[in-house]
Amino acid sequence: MKILSPIKYEYGNLKIGGGGFVTGITFHPTDSRTLYIRTDIGGVYSYDFDKQTWVYLADKVTADDPAQTYPLAIALDENDPNKLFFTCGDKRSNYVCVSSDKGENITQKPLPCSVHGNEVGRATGDRLIYKNGRLYFGSQTAGIIYSDDMGESWQSIELFGEKNISLIWTDSEGKLFIAGCSGEANSPDGVTRGHTLYCSTDGLKSFVPLTAPDPVKYENSSYYGFVPQRITSDSRYIYITFASSGEVFYGGMGAYACDTGSLSGGKVYRYRIENGVPVFNKDITPADETPCGYSGICSNGKMLLLSTVCRKNGGDMIYTSTDSGESWKIIMNRLEYSRFDWNIPYMKPRYNGGGNCVHWISDIKLSPFDSDTALFNTGTGLFMITGLASGDVLVKPFCEGIEETVHLNVYTTPHGRNRIIDIIGDLGGFAFEDYDSECENSFANENGDRYITCLNADFTLQRPEYIAATPRGNWTGKTKGGLILSKDCGSTWERLPMPRGLSEFTDKKLDNIEKPNVDSGWTAISADGKRIMWAVAGGRGFSNKAVCYTDDEGKTWQKSIFTDSKIRI
């Protein structure tokens, strides 16, 4: 075959904006143009200050070895801003990654322990330190390990048998070392954590317990006890945040922070250095009757910033203090206290039940070079705070270049208003008319409230504007899962009536679908566009006992019959 005129393709990104959990923020302490973030499933990003966009550093990752998409910790060399270290893994492949050119070229070196950047403890930190030529790593499975040869070999440091480390920290001279852990190894009864905070002043030859909050048996807690989340210091004090697990929805009994999806309580402790040893000074936890954990904390010597995490019934809050935590001032609570610039459409309150989409704040960092500015992470991207010095606080998404969404299915239509239909985990989906800008809003109900995670969608070539999809209802309950139908190529949607009464088995699944964040199943449309089928899920898994169809857009439903018993599930 002779090719007469090859076509040159140009590829670009459909812009979503954020969309996933940014798990940590790392400023270089002395170089104002070096800044990184890590994400739970989207790799490490560096910030391009000239182009004002985030740059993805895992673009060489392959499906055979996706470890770099799951980073757990980042470390920098305070004397050389070109050096970058991070640990990552998917349990199968586990690495420390080393770069001498800010991530342009990355060398992977095997770690001697299992790592996963999207599992328990992913939101705590920091866990990786580079100090005086040595790398220290607080792992999830092997305790504290260190390397003197840039990750070629590793040695272990004993911490009373504890293997699941939540944070490590050292002072500027490298003499004082603090470690937080899950307390599992020293649990007295299997439901209460052992001690979770330790320090060393002898070069990590030995550790001693450091005062931490006593376990509280909260009514809704699956595993009692407080786990250290984050740590910061200034010239007077060291500050540590703690969180206590609530109901462990996923992650196992060792889970903590927002990895459990729920927290029962939290604390903020202040420590004073006496003769080189940290001594508990005061409980400086803000007064708040709403259950929550505390996680993000940072100090620039004049100001403290603090965040809640997994705060019940109202979203996370941000506090500031100018007196070392003696008193706290709220600067963000829901949509109050701050001004907001919602520069990404789907994040606007009118598409999120009138509320603030900010949640799961586990890290907050003041800029070392601008006392007016800070960054904080969320479960849906990165945000910036400005106006801290003046008190005129502005909060806005800071997500340009970050695309951390999970694309479950992407469809192209032969004609119609929207040519690309993209269905996404957590965010539901987007119907793109303009490929170069974000969607204003789509996959929402008549009130503009968004559906979330669709397992699939379907349309026909004869009638591509007629699209069915199966979303979950959102976390707030403003939308309920089920089968939704669009007649204008995904711009607007209506939720079809539920196929109740076909069987008790199906009705139970439908009851579950109406709860927040439950899989609805899968759908298909016949070639002529007249019949819609729905394999009802109501949770994980397919059953041919819950497959049905409608010929009148849900006014009536019929149960599908499977005649081959070999495929009965």
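Up top you'll find the structure we're talking about.
Residues numbered from 1 in each chain as written. Predicted model: local features only at pLDDT ≥ 70, side-chain atom pairs only at ≥ 80, totals over all residues. Heavy atoms only, no water.

**Observations regarding the overall build of the protein**
Next up, step 1: A tally of helices and strands in the protein yields 1 helix and 40 strands.
Next up, step 2: Along the first, second and third principal axes, the C-alpha set of the protein runs to 80 × 65 × 55 Å.
Next up, step 3: For the protein, with 569 residues in total, the buried portion stands at 56%.
Next up, step 4: Within the protein, contacts between residues at least 6 apart in sequence are counted, and of these 51% link residues at least 24 apart.
Next up, step 5: Surface exposure of the protein reaches about 24400 Å², of which carbon and sulfur atoms provide 48%.
Next up, step 6: Taken together, the 58 basic and 70 acidic charged side chains of the protein have centroids lying 3 Å from each other. (Helix = DSSP H or I, 4+ residues; strand = E, 2+ residues; numbered from the N terminus. Buried < 20%, exposed > 50% of the residue type's maximum accessible area, 1.4 Å probe, protein only. Contact = heavy atoms within 4.5 Å. Areas by Shrake-Rupley, 256 points an atom, 1.4 Å probe, with all protein chains shown as cover. Lys, Arg positive; Asp, Glu negative; His and termini not counted. Charge placed at Lys NZ, Arg CZ, Asp CG, Glu CD.)

**Examining the pairing of strand β39 (residues 547-550)**
Next up, step 1: Of the two faces of β39, the one carrying Val547 and Tyr549 and the one carrying Cys548 and Thr550 are both buried.
Next up, step 2: Pairing geometry for strand β38 (residues 532-536) and β39, over 4 bridges, is antiparallel. In the strand pairing of β39, alanine 535 is matched with valine 547.
Next up, step 3: Strand direction decides the pairing type here: β39 and strand β40 (residues 558-559), joined by 2 bridges, are antiparallel. Bridge assignment links tyrosine 549 to a residue of β40, and that residue is glutamine 558. (Pairing = 2+ DSSP bridges.)

**Regarding the pattern of salt bridges**
Next up, step 1: One pass over the full model with this rule turns up 32 salt bridges.
Next up, step 2: Two residues, glutamate 514 and arginine 495, come together in a salt bridge whose shortest N-O distance is 3.0 Å. Taken together, the positions of glutamate 514 in the loop between α1 (504-513) and β37 (521-525) and arginine 495 in strand β36 (residues 494-495) put the pair 19 residues apart, joining distant regions of the chain.
Next up, step 3: Judged by relative accessible area, glutamate 514 falls into the partly exposed class, the value being 28%.
Next up, step 4: The exposure class assigned to arginine 495 is partly exposed, which follows from its relative accessible area of 30%.
Next up, step 5: Salt bridges here are not isolated pairs; linked through shared partners, they connect Asp126, Arg230, Asp363 and Lys365. (Salt bridge = Lys/Arg side-chain N within 4 Å of Asp/Glu carboxyl O.)

None of this, on its own, says anything about what the molecule does.
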